[in-house]
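Read off the chains here:
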Amino acid sequence: MHEASESANDPFSVGEQKSHPVCAQSAGELTLESGAAEETQQRDHETVSKSSPTGFVAREEELRRQIVENESQLKEITGYVNQLNIQIHRWQLRLQKLNERNANLKTQLGVLKGENPA
């Protein structure tokens, strides 16, 4: 009973952690489509001609938009990585604490067995 209430307040608990990154705008899971980047790049080259000035300007604007989107996604993923690094550090501290507790309990058991041979 004590453990259940303790785990609800335990900062090391992973019960509420999500297993996949979630899109901040749509709240849906982020997925990677294998051919999506190639298709987008191929489509961009097919639709814009570099020979015409308007095509060049349109291509430049599209590339700038893609750079902004890419930087936004980089920041988002970096945030997820940082969150996971923090969680790993918490788990490492928890593991260290449990190992120290285990060693202490084994020492106490050894002392107890040494005092009261069965």
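As the structure is a computational prediction, the values presented were derived from the model and not from experiment.

Here is what the cut-offs are and how they apply
Residues numbered from 1 in each chain as written. Predicted model: local features only at pLDDT ≥ 70, side-chain atom pairs only at ≥ 80, totals over all residues. Heavy atoms only, no water. Helix = DSSP H or I, 4+ residues; strand = E, 2+ residues; numbered from the N terminus. Buried < 20%, exposed > 50% of the residue type's maximum accessible area, 1.4 Å probe, protein only. Contact = heavy atoms within 4.5 Å. Areas by Shrake-Rupley, 256 points an atom, 1.4 Å probe, with all protein chains shown as cover. pLDDT = per-residue confidence, 0-100. Salt bridge = Lys/Arg side-chain N within 4 Å of Asp/Glu carboxyl O. Expected span 1.5 Å × (residues − 1).

(A) Looking closely at the overall build of the chain. Scanning the chain from terminus to terminus reveals three helices and zero strands. Here the chain holds 118 residues, and the buried ones make up 5% of them. Look at the contacts in the chain between residues 6 or more apart in sequence, and 53% of them connect residues 24 or more apart. Carbon and sulfur atoms make up 55% of the accessible area of the chain, which totals about 10600 Å².

(B) The arrangement of the confidence of the model for the chain in detail. Confidence along the chain averages 75 in pLDDT terms, with 54% of residues attaining 70 or more. When the elements of the chain are averaged for pLDDT, helix α1 (residues 2-9) gives the smallest value, 46, and helix α3 (residues 53-115) the largest, 95.

(C) Inspection of the pattern of salt bridges at higher detail. This structure, assessed with the given rule, holds two salt bridges. Where R64 meets E60, a salt bridge forms, and the shortest distance between an N and an O atom there is 2.9 Å. In this pair, R64 and E60 both sit in helix α3, four residues apart, roughly one turn of the helix. Relative accessible area serves as the criterion here: at 54%, R64 is assigned to the exposed category. Residue E60 is classed as partly exposed on the basis of its relative accessible area, which comes to 32%.

(D) A look at α3. For α3, spanning 63 residues, the distance from its first C-alpha to its last is 92 Å, which sits close to the expected 93 Å at 1.5 Å a residue. Inspection of α3 places G55, R59, Y80 and Q87 among the buried residues, and these make up the whole buried set.

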